[in-house]
Amino acid sequence: MEWGSLQNFIDMGGYGLYVWGSYLVTLFAIAIEIFSLREK
């Protein structure tokens with residue numbers, strides 16, 4: 001795909017909220033996993 005601008009890249013053809021939200025939830029879950037493993 002070819003993105004004309006940074007805003008088009010962030011928007012992802014209208015699916016940006018889903019895409020970036022998924023990345024955020026995954027990153028949050030990994031951070032919780034690492035934090036809970038360090039506590040033991």
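Further up the page is the structure itself.
1. Considerations on the overall build of the chain
If you tally the helices and strands in the chain, you get two helices and zero strands. With the C-alpha coordinates aligned to their principal axes, the bounding extent of the chain is approximately 45 × 15 × 15 Å. Counting across all 40 residues of the chain, residues that qualify as buried make up 5%.

2. Regarding the environment of R38
Mapped onto the elements, R38 comes out in helix α2 (residues 16-39). Taking relative accessible area as the criterion, R38 reaches 69% and is therefore assigned exposed.

3. Description of unusual backbone geometry
In this model, M12 sits at a positive phi of 50°, which is unusual for a non-glycine residue. Within the secondary structure layout, M12 lies in the loop between α1 (6-11) and α2.

4. Notes on the packing of aromatic side chains
Remark: the centre distance and the inter-plane angle together describe each pair of aromatic rings, the angle taken between the planes. Inspection of the entire model under this criterion finds two aromatic pairs. For the ring pair W20 and Y23, a centre distance of 5.7 Å and an interplane angle of 35° mean the geometry is tilted. Remark: Y23 and W20 occur in helix α2; sequence separation between them is three residues, near one turn of the helix.

5. Focus: a nonpolar patch on the surface
Taken together, the side chains of W3, L6, F9, I10, W20 and Y23 present a nonpolar region at the surface, about 620 Å² in accessible area. Elements with a minimum of two residues in the nonpolar patch: α1 and α2. Examining the composition of the nonpolar patch, we find that three residues originate from one element, α1, more than from any other.

6. Describing the environment of Y23
Using a relative accessible area of 55% as the deciding quantity, one classes Y23 as exposed. Along the primary structure Y23 and F9 are separated by 14 residues, whereas in three dimensions their C-alpha atoms are 15 Å apart.

Scoring rules and cut-offs
Residues numbered from 1 in each chain as written. Predicted model: local features only at pLDDT ≥ 70, side-chain atom pairs only at ≥ 80, totals over all residues. Heavy atoms only, no water. Helix = DSSP H or I, 4+ residues; strand = E, 2+ residues; numbered from the N terminus. Buried < 20%, exposed > 50% of the residue type's maximum accessible area, 1.4 Å probe, protein only. Phe/Tyr/Trp six-rings, centres within 6.5 Å; stacked < 30°, edge-to-face > 60°. Patch = residues over 30% accessible without salt bridge, like charges linked within 9 Å, V, L, I, M, F, W, Y side chains within 5 Å. Areas by Shrake-Rupley, 256 points an atom, 1.4 Å probe, with all protein chains shown as cover. Salt bridge = Lys/Arg side-chain N within 4 Å of Asp/Glu carboxyl O.

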